[in-house]
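So the chains spell out like this:
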Amino acid sequence: MKKQNILDSLDLAMKICNQAGVDYADIRIVEMSDEVLKVRNGLLSEIVNSKNLGYGIRVIAGGAWGFASSANLHSQEITNTVRRAIQIANASAMKINKRVKLAAEPIWIDRWATPYIIDPFKVSYDEKLQLLYSTEEILRNNDPRVKSAWAYLSIAKEHQWFASSEGSRIEQEIVRSGAEIGVSVSDGNEIQRRTFPASSGQYLQGGYEVILGLKLKENAAKTRDEALSLLTAPPCPSGERELIILGSQLALQIHESIGHATELDRVLGLEANYAGRSFVDLEKKGRFQYGSRYLNIIADSTMPQGLATYGYDDDGVRPERYHVIKEGVFQTYLTNRELAHNIGETRSRGCNRAEGWQNIPIIRMPNLSLAAGDATLAELIADTKDGIMVDGIKCWSIDQYRYNFQFGMEIGWHIQNGKIVGPVKDPCYQGITPEFWGRLVGVADEEHWHLWGVPNCGKGQPGQRAEMSHGTAPSKFSKVSIGYKQA
Ligand SMILES: [Zn+2]
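Participant: Looking at this structure, how should I read the nonpolar core?
Facilitator: For soluble globular proteins, nonpolar side chains are generally found buried alongside one another. Formed by 67 residues in total, the largest nonpolar core has its most connected members in Leu 243, Tyr 290, Tyr 429 and Trp 437. Lining this core are residues from two domains, each supplying at least three of them: domain 1 (3–232) and domain 2 (239–484).

Pasting the structure below:
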């Protein structure tokens, strides 16, 4: 689509909205490009190459929202789509108790783009498949115990144009790249699994250099050998023990027990799908002890390489860096322009995002990270008398208030008297969110801190997918209920 046509479409939609005298309107034109390549057991098992372009129009009329979308950019269809959004708003206005009021936001005219070195869509299939085939071969290693071996990569480009009736005009181009390798192994009695770098893949914003930087091939043998070692490893010992959580597992713990719990729409009960409410009620703002003093959680959609890094959210709000939890004390919620006033804030926290063009934006997590501490991983281990260190997400559940949870991991290591004794299989742990975070007694330093990408967070009805990152460093918890669970 030509750039001038896009700009004309933005102008046309806003002109009709202004003529109709709506309270507010915006349009987002989004072009999505996705590619996935997957090799499994020596064969190319999946190839996705998709592209779509469309637009969503939001209006506030009579104090109520209306939304309509279309993939047809002809001027007559844009006109029809705008009118449909206005009709929906007018119909909704007959049933509202409170008029929608948006928090103020400056008018922005800007362009923002992910910095990258190698355009992943310009790297040849030959080169990408060569990487996947050669890595998968090392994983499989012609070992009969390896029942399944896989390697995949996934790239996406999201080009968006936003215009609002307030006068903002924003263009953004977001590029995300990621990959995963893994094996399932069995000795005939049981099945074990190990993945690298993370069990739903590791993703960052950036180009093909992100995938090269994961060093998939270099880590294939270790990934396979760890899976095989689990076949003869003892079960994870049960009981209350010290727990060290590594990498992507800690990212998921933050995502589920802090991220979703602090989304303001869930706190207010406006969204309740996918374990959707929250125990973090409005009374807790600024005073609730969410965890120990080591717990510092920072929201930051301005940081380099985060999956939820952007110049502006889908409300046209420029994000900022802020503490959600500071030294264990809960500070504030994740908000959008519509809901910010519910917690006495005059500006949105920039968390409103939609999947593609055909969905209405809802509150989505920004990049949400645990600040690094000052220990080394070796120190955390040396200081552990009897504990388990865990890595690799396998399964989890959490209640609808984000309060009581359990997680199962791919691998654990038993630590006794400051030394790793060996791997243990099928570890799991459980806890109650504030008690669990209250037992955080040490966080590793910057050198051990990594940003982990969540490419598939589900929320809303109709369901929407969103991406975000969580920075973590290995962290130690005292007295956690640990057990053994075969998934
Ligand atoms: Zn999620």
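Now that the structure has been shown, we can carry on.
Participant: Mind showing me how you'd approach the sheet that holds strand 15 (residues 368–370) here?
Facilitator: One key point about sheets: their strands pair by backbone hydrogen bonds, in either a parallel or an antiparallel sense. Judged by pairing direction, the sheet is antiparallel, and its four strands sit side by side in the order 12-11-10-15 without closing on themselves. For this open sheet the edge positions go to strand 12 (329–330) and strand 15, each flanked by a neighbour on one side alone. Examined bridge by bridge, strand 10 (residues 297–300) and strand 15 share three bridges and lie antiparallel to one another. Bridge pairing links Ile 297 to Leu 370 in strand 15. Where helix 6 (residues 247–259) meets the sheet, it contacts strand 10, strand 11 (321–326) and strand 15, and its direction lies at approximately 120° from that of strand 15.

Participant: Even after reading the chapter, I still don't get the packing of aromatic side chains, so can you show me in this structure?
Facilitator: The geometry of an aromatic ring pair is captured by two quantities: the separation of the ring centres and the angle between the planes. Across all of its chains, the model carries 16 aromatic pairs by this definition. With 5.2 Å between their ring centres and 90° between their planes, Phe 405 and Phe 436 make a pair best called edge-to-face. A residue pair is termed long-range when its members are at least 10 positions apart, and Phe 405 in strand 17 (residues 404–416) and Phe 436 in helix 9 (residues 433–438) qualify at 31 residues. Note on accessibility: Phe 405 and Phe 436 belong to one class, buried. Seen in terms of ring centroids, Phe 436 and Phe 477 are 4.3 Å apart; in terms of plane orientation they differ by 20°. Their pairing is stacked. Taken together, the residues span a long stretch of sequence, with Phe 436 in helix 9 and Phe 477 in strand 23 (residues 475–484) at a distance of 41 residues. Taking relative accessible area as the criterion, Phe 436 reaches 3% and is therefore assigned buried. Aromatic rings pair up to connect Phe 279, Phe 288, Tyr 290, Phe 330, Tyr 333 and Tyr 403 into one cluster. Seen from the ring of Phe 288, Lys 284 lies directly overhead, with NZ or CZ sitting 5.1 Å from the centre. Its end group placed over the ring of Tyr 322, Arg 349 keeps NZ or CZ at 4.5 Å from the ring centre.

Participant: Before we go on, may I ask you to explain the pairing of strand 16 (residues 386–398) in this structure?
Facilitator: In summary, the side chains of a regular strand alternate between the two faces of the sheet. Looking at chain direction, strand 9 (residues 239–245) and strand 16 are connected through four bridges and run parallel. Counterpart to Leu 243 in the pairing with strand 16 is Ile 388. Direction of pairing for strand 16 relative to strand 17: antiparallel, over a ladder of 11 bridges. Each residue of the ladder has a partner; that of Met 389, found in strand 17, is Trp 413. The turn linking strand 16 back onto strand 17 is made up of five residues, and Arg 402 within it adopts a positive phi angle of 60°.

Participant: Would you mind going over a nonpolar patch on the surface with me for this structure?
Facilitator: Taken together, Leu 44, Ile 47, Tyr 125 and Tyr 133 make up a surface patch of nonpolar side chains, about 350 Å² in accessible area. At the level of secondary structure, the elements contributing two or more residues to the nonpolar patch comprise strand 2 (43–61) and helix 3 (125–140). Assignment of secondary structure puts Tyr 125 in helix 3.

Participant: What exactly am I supposed to notice about the pattern of salt bridges here?
Facilitator: When the charged atoms of two side chains with opposite charge come close together, those side chains can pair. Under the defined criterion, the tally for this structure stands at 38 salt bridges. Arg 28 is the salt-bridge partner of Asp 314, the closest N and O atoms lying 3.6 Å from each other. Here Arg 28 lies in strand 1 (residues 24–40) and Asp 314 lies in the loop between strand 10 and strand 11, a separation of 286 residues in the sequence. According to the relative accessible area criterion, Asp 314 is buried, its value standing at 5%. Note that Arg 58 is salt-bridged to Asp 315, the shortest N-O span being 2.7 Å. A residue pair is termed long-range when its members are at least 10 positions apart, and Arg 58 in strand 2 and Asp 315 in the loop between strand 10 and strand 11 qualify at 257 residues.

Participant: Just checking my understanding: could you explain the layout of surface pockets for this structure?
Facilitator: The probe, sized like a water molecule, is rolled over the atoms to show the empty space still left. Space inside the largest pocket adds up to approximately 910 Å³. Contributing to the lining of the largest pocket are 33 residues, with Trp 65, Val 100, Leu 270, Glu 338 and Leu 339 lying nearest its centre. For the lining of the largest pocket, the elements supplying multiple residues, two or more each, are strand 3 (64–70) and strand 14 (362–363). Broken down by element, the lining of the largest pocket gets its largest block of residues, four residues, from strand 3. Its residues assigned to classes, the lining of the largest pocket shows 13 nonpolar, 13 polar and seven charged. Taken domain by domain, the makeup of the lining of the largest pocket includes at least three residues from each of domain 1 (3–232) and domain 2 (239–484). Taken together, 29 residues form the lining of the second largest pocket, with Phe 196, Pro 197, Asp 391, His 450 and Trp 452 sitting closest to its centre.

Each value, and the rule that gives it
Residues numbered from 1 in each chain as written. Predicted model: local features only at pLDDT ≥ 70, side-chain atom pairs only at ≥ 80, totals over all residues. Heavy atoms only, no water. Core = buried A, V, L, I, M, F, W, Y, C linked by side-chain atoms within 4.5 Å. Buried < 20%, exposed > 50% of the residue type's maximum accessible area, 1.4 Å probe, protein only. Domains from an automatic or database assignment. Pairing = 2+ DSSP bridges. Helix = DSSP H or I, 4+ residues; strand = E, 2+ residues; numbered from the N terminus. Contact = heavy atoms within 4.5 Å. Axes fitted to C-alpha atoms, helices over the stretch in contact; angles between N-to-C directions. Phe/Tyr/Trp six-rings, centres within 6.5 Å; stacked < 30°, edge-to-face > 60°. Lys NZ or Arg CZ within 6 Å of the ring centre and 35° of its normal. Patch = residues over 30% accessible without salt bridge, like charges linked within 9 Å, V, L, I, M, F, W, Y side chains within 5 Å. Areas by Shrake-Rupley, 256 points an atom, 1.4 Å probe, with all protein chains shown as cover. Salt bridge = Lys/Arg side-chain N within 4 Å of Asp/Glu carboxyl O. 1 Å grid on protein atoms, 1.4 Å probe; cavity = no way out; pocket = protein on both sides within 12 Å on 5 of 7 lines; lining within 4 Å. Points joined across faces, edges and corners; volume = space filled by probe spheres on them. Nonpolar A, V, L, I, M, F, W, Y, C, P; charged D, E, K, R; others polar.

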